[in-house]
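Residues per chain are reported as follows:
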Amino acid sequence: MRSVMAICLEAQLPVPELRPQADGTRHIEQDDLVWELQTWMDGKSAQRGRRDADASGIALAMFHRATRNHLASDHSSGDPKVEFNSLVGPAIERVPSSKASLQQLEKLSELARIKSEERGVIDHPKQILHGDWHPKNLRMTANGRVSGILDFDAVRVDSVAHELANAVLQVSLRRPKNLAPSQWPSGLHFQAGQRLTSAWRSRIGKPPPDGTWSMVPWLMIKTIAMETVLPIAVWGEIPGIDTQEWIHVGAKTAEWIRERSRSLAEALIPTR
């Protein structure tokens, strides 16, 4: 995390600087957690939808340009990847009433793995990724520019297609705060994803590897499946959200993407 933040600072990207404590110590360890002091980043959190999608895509491209100049082998991929199938059993034990939805997510995740591998994701070059490109991890200025890139805890090494899939998914989800999960639309605000991929492509320079756009919807399914099941398997709940509704809407969204995988792939091809 520290080395990647240093790379970003060298590239003049807006990321926090790590600051030593008053006594010179670099971090505090407490309750198996590590706490560090970082500079404050002004601005408001980015929002899902089209408004901040362009700025998010541009910032993501600049991050990828900065990190691709450093050999991925020089950096750890962090913790080993969690196998999705290993999470389904514990999640069913915690929420047996959602067994059908969890099993549906398991099948969709496996199908997505097969489809993305058929499209060549395993052969794509790997580089350093942010790992959690989410609107809440971006700070925005009043005029709509990214003033801060936050939360490098999930930094890892993988193909760029994985990061694009997560970024598109997070900006496209329609989950209004004033509605219960049972009322969340299962469909995506895909126009926001279009804007993000076009903005990313306009700044990335060299084109992404062949097959990138055709595999993005399938990698989105893998992302939504993991995002839905992981907290249930580990903690058994989502604070403030009905667990069964959370699982059900995750399965609905994954199925919505599957049904439209081809049209979504075509829609996400950058227009500039």
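Residues numbered from 1 in each chain as written. Predicted model: local features only at pLDDT ≥ 70, side-chain atom pairs only at ≥ 80, totals over all residues. Heavy atoms only, no water.

1. Regarding the overall build of the protein
Part 1 of the argument: Looking only at helices and strands, the protein features nine helices and nine strands.
Part 2 of the argument: Here the protein has a C-alpha radius of gyration of 19 Å; the compact-globule value for 272 residues is 19 Å, and the two agree.
Part 3 of the argument: The principal-axis extents of the C-alpha atoms in the protein amount to approximately 55 × 45 × 40 Å.
Part 4 of the argument: Going through the 272 residues of the protein one by one, you find that 46% of them count as buried.
Part 5 of the argument: A total of about 14,300 Å² of accessible surface is found on the protein, and carbon and sulfur atoms cover 49% of it.
Part 6 of the argument: A distance of 9 Å separates the average location of the 34 positive side-chain charges in the protein from that of its 32 negative side-chain charges. (Helix = DSSP H or I, 4+ residues; strand = E, 2+ residues; numbered from the N terminus. Rg over C-alpha atoms; globule rule 2.2 N^0.38 Å. Buried < 20%, exposed > 50% of the residue type's maximum accessible area, 1.4 Å probe, protein only. Areas by Shrake-Rupley, 256 points an atom, 1.4 Å probe, with all protein chains shown as cover. Lys, Arg positive; Asp, Glu negative; His and termini not counted. Charge placed at Lys NZ, Arg CZ, Asp CG, Glu CD.)

2. Focus on helix α5 (residues 160-172)
Part 1 of the argument: Taking 1.5 Å as the rise per residue, α5 with 13 residues should run 18 Å; its terminal C-alpha atoms sit 18 Å apart, in good agreement.
Part 2 of the argument: Burial of α5 is extensive: 13 of the 13 residues sit out of reach of the surface. (Expected span 1.5 Å × (residues − 1).)

3. Comments concerning the packing of helix α3 (residues 85-94) against helix α7 (residues 212-235)
Part 1 of the argument: Across the interface, α3 lies against α7 with an axial gap of 8 Å and an inter-helix angle of 60°. As judged from the angle between their axes, α3 and α7 are oblique. Handedness of the α3/α7 crossing: left-handed. In this structure, α3 contributes L87, V88, P90, A91 and R94 to the contact, and α7 contributes M226, V229, L230, I232, A233, V234 and W235.
Part 2 of the argument: For the contact of α3 with α7, a count of residues per class yields eleven nonpolar, no polar and one charged. (Axes fitted to C-alpha atoms, helices over the stretch in contact; angles between N-to-C directions. Parallel < 35°, antiparallel > 145°, perpendicular 65-115°, else oblique. Left-handed = near helix turned anticlockwise from the far one by under 90°. Contact = heavy atoms within 4.5 Å. Nonpolar A, V, L, I, M, F, W, Y, C, P; charged D, E, K, R; others polar.)

4. Some remarks on the nonpolar core
Part 1 of the argument: Ranked by internal contacts, the top residues of the largest apolar core, which has 72 residues, are W133, F152, W200, M220 and I257.
Part 2 of the argument: In terms of residue count, the dominant contributor to this core is α7 (twelve residues). (Core = buried A, V, L, I, M, F, W, Y, C linked by side-chain atoms within 4.5 Å.)

5. Quick look at the pairing of strand β8 (residues 146-149)
Part 1 of the argument: Across three bridges, the pairing between strand β7 (residues 138-140) and β8 is antiparallel. Opposite M140, over in β8, you have V146 as the bridge partner.
Part 2 of the argument: Following β7, the chain reverses through five residues before pairing antiparallel with β8; G144 in that reversal takes a positive phi of roughly 85°. (Pairing = 2+ DSSP bridges.)

6. Some points on the pattern of salt bridges
Part 1 of the argument: Under the defined criterion, the tally for this structure stands at eleven salt bridges.
Part 2 of the argument: For D52, the salt bridge identified is with R51, shortest N-O distance 3.4 Å.
Part 3 of the argument: A residue is classified by how much of its surface remains accessible, and D52, at 5% relative accessible area, is buried.
Part 4 of the argument: With a relative accessible area of 64%, R51 lands in the exposed category.
Part 5 of the argument: When the shortest N-O distance is used, the salt bridge between R113 and E110 registers 2.5 Å. (Salt bridge = Lys/Arg side-chain N within 4 Å of Asp/Glu carboxyl O.)

7. A short note on the packing of α7 against helix α8 (residues 243-259)
Part 1 of the argument: Interhelical geometry of α7 versus α8 gives an angle of 170° and a closest axis separation of 9 Å. Classified by the angle their axes make, α7 and α8 are roughly antiparallel. From α7, P217, W218, M220, I221, I224, E227, T228, P231 and I232 reach across to α8, where they touch T243, W246, I247, G250, T253, A254, I257 and R258.
Part 2 of the argument: The class makeup of the residues in the contact of α7 with α8 is eleven nonpolar, four polar and two charged.

8. Concerning the environment of L164
Part 1 of the argument: By the element assignment, L164 lies in helix α5.
Part 2 of the argument: In this structure L164 comes out as buried when scored by relative accessible area, which is 0%.
Part 3 of the argument: Placed 103 residues apart in sequence, L164 and A61 show a C-alpha to C-alpha distance of 9.8 Å.

9. A word on the sheet that holds β8
Part 1 of the argument: Across the sheet, three strands lie side by side as β5-β7-β8; this open sheet has antiparallel pairing. Each of the sheet's edge strands pairs with one partner strand only, and the pair in question is β5 (44-45) and β8.

10. Observations concerning the environment of P176
Part 1 of the argument: Note that P176 resides in the loop between α5 and α6 (190-204).
Part 2 of the argument: When the C-alpha atoms of P176 and R68 are compared, they prove to be 35 Å apart, with 108 residues separating the residues in sequence.

11. Comments concerning the side chain of T223
Part 1 of the argument: Of note, T223 is situated in helix α7.
Part 2 of the argument: Other than its neighbours up to four places away in sequence, T223 contacts N166 and L169.

The analysis is restricted to geometry; functional conclusions fall outside its scope.
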